[in-house]
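# Observations on chain architecture
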Amino acid sequence: MSFCIYGAGIVASSVYTAIKALYQKEPLFFLVSDPENKGGISEQSPEGLDGIPVKSLSAWEEELQNGTSDLAVPEYYLIATPEIHHAAIMDSLRSLEKVQPEDFRMIPITDEAENKLMDAYYRNLPGHTTVSELLDDGYQVTNKMNRRFWPSQGNNVLMHDSSVQVFQAKSHMDKQLNYQKQGGCSDNQKDCNLKHNESGQGNTKYLHMDYIYPIQVGGALTEQTIASLRDDVGDNISVKNRNYCELTATYYAWKHSPAAYKGICHYRRIFDINEEQMRALLGMGKEWDVILPYPTVHYPDISVQHTRYVAESDWNALMRALQEVAPEYWEAYKEGISAGEHYFHNFNMLIARAEVFDDYCDFLFRVLERTEELATPKGWERSDRFAGYLGENLTTLYFLKNRDRWKTVYAGKIWLT
């Protein structure tokens, strides 16, 4: 079949890479929204991706109408963007029916489809392991686990026999989600921040799981309380939330969680790991040290990630901070990332053994603290999320440098809408 891919961001480039590797197929071109946001998603797009042209929707529609295209007309349009944009994109693509006489199909790449595709890709990539691969290799899910795996919480006190605590960063400024808990809304609605949908629609498949702990980030910046756990107690950096984003929850987990396994996810992005799978994973001992989302793939390399989201002055401050406080990581950066690395660890999400989590945090926050001091303006003089973006780059650097030290496995993620 002939196809194009709608999108040219992190979803599209990863989907493209997997399809090319698994099926030896390439799209005719990538299709993106035009500057007026026709197509449902507005983002800075490259002129080409891995040598394949990127076209705007309006330009493609005009070429079809005038018969001026030098490219074949695709039979399929694969929509490879965050799922929240799919409906608007499909509405825009229907405009092609007027100028494209051939039958064509739109295929939205849902979270589930993307996760399956990336799982197959990383299973076949030497040196990489996925959660589903571990579970398939003879480790059976068991219901015999003691309830100690699912500890109670309250008043910012965490039980000390907890085995796993994945903190879900939530802010009083988060958008409401079209999400329904099984059986309707609970009395503790403000903790889970889930909206009951009386029509029965919504993300009912992805229910709030007991190993996930909602935590309010930026608690020091508001009088509102939306969760029983807050990031502004004890040793904390809650006041830095407008710069650090979900990393203020990461800091809280580092300093306060006694769990054997600790993790971070977001109010609208969670790991695609259910409770039974988590129980099985906890029973595997040393088979894994850290779970990360499937890496995103970038062309020509991952340097495009920082040039799109981070000011050059902030990037230079980060490089100086690495040289000063973590010179071994500076050397790893020069030997690895700057040499053309394609795989990037987005989202500041992970689940790791406490030893790994704490070592990662020690590196992460030492470097970011020094970067704040070197940046112009200084970190405490601004509120533009720069530390959160730099955190993704440092997460990538940390796990690339330690790929032989820690056993890393990859899992899918779910974007709640």
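Residues numbered from 1 in each chain as written. Predicted model: local features only at pLDDT ≥ 70, side-chain atom pairs only at ≥ 80, totals over all residues. Heavy atoms only, no water.

### Points about the overall build of the protein
A count of helical and extended segments in the protein gives 14 helices and 19 strands. Per-residue burial for the protein yields a buried fraction of 54% across its 417 residues. Residue pairs in contact within the protein that sit at least 24 positions apart in sequence constitute 75% of those at least 6 positions apart. Accessible area of the protein: about 18,500 Å², with a carbon and sulfur share of 45%. (Helix = DSSP H or I, 4+ residues; strand = E, 2+ residues; numbered from the N terminus. Buried < 20%, exposed > 50% of the residue type's maximum accessible area, 1.4 Å probe, protein only. Contact = heavy atoms within 4.5 Å. Areas by Shrake-Rupley, 256 points an atom, 1.4 Å probe, with all protein chains shown as cover.)

### So, the packing of aromatic side chains
For the structure shown, the criterion picks out 26 aromatic pairs. With centroids separated by 5.6 Å and ring planes inclined at 65°, the aromatic side chains of Tyr360 and Tyr398 adopt a geometry described as edge-to-face. Taken together, the positions of Tyr360 in helix 13 (residues 354-374) and Tyr398 in helix 14 (residues 386-401) put the pair 38 residues apart, joining distant regions of the chain. The class of Tyr360 is buried, set by a relative accessible area of 1%. (Phe/Tyr/Trp six-rings, centres within 6.5 Å; stacked < 30°, edge-to-face > 60°.)

### As for the confidence of the model for the protein
Per-residue confidence for the protein averages 86 on the pLDDT scale, and 84% of its residues sit at or above 70. Scored below 50 in pLDDT, residues 140-155 makes 32 contacts in the model with residues more than four places away or belonging to other chains. Note on residues 180-206: pLDDT under 50 across the span, and 56 contacts to partners over four residues away in sequence or across chains. (pLDDT = per-residue confidence, 0-100.)

### Describing the sheet that holds strand 5 (residues 76-79)
Spatial ordering of the open sheet is given by 3-4-2-1-5-6, a layout of 6 strands whose pairing is mixed. Strands with a single pairing partner mark the edges of an open sheet, and in this sheet they are strand 3 (48-49) and strand 6 (105-108). Bridge count between strand 1 (residues 3-6) and strand 2 (residues 30-32): 2 bridges; the pairing is parallel. What sits directly across from Ile5, in strand 2, is Phe30. Sheet strands in contact with helix 1 (residues 10-23) are strand 1, strand 2, strand 3, strand 4 (52-56) and strand 5, and its direction is about 150° off that of strand 1. In the packing of helix 2 (residues 57-66) onto the sheet, the strands contacted are strand 1, strand 2, strand 4 and strand 5, and the crossing angle to strand 4 comes to about 90°. (Pairing = 2+ DSSP bridges. Axes fitted to C-alpha atoms, helices over the stretch in contact; angles between N-to-C directions.)

### Examining the pairing of strand 9 (residues 164-170)
Burial runs high along strand 9: 7 of the 7 residues are buried. Every second residue of strand 9 is oriented toward a common face, with Val164, Val166, Gln168 and Lys170 on one face and Gln165, Phe167 and Ala169 on the other, all of them buried. Relative to strand 12 (residues 261-266), strand 9 runs parallel, the two sharing 6 bridges. Within the sheet, the bridge partner assigned to Ala169 lies in strand 12 and is His266.

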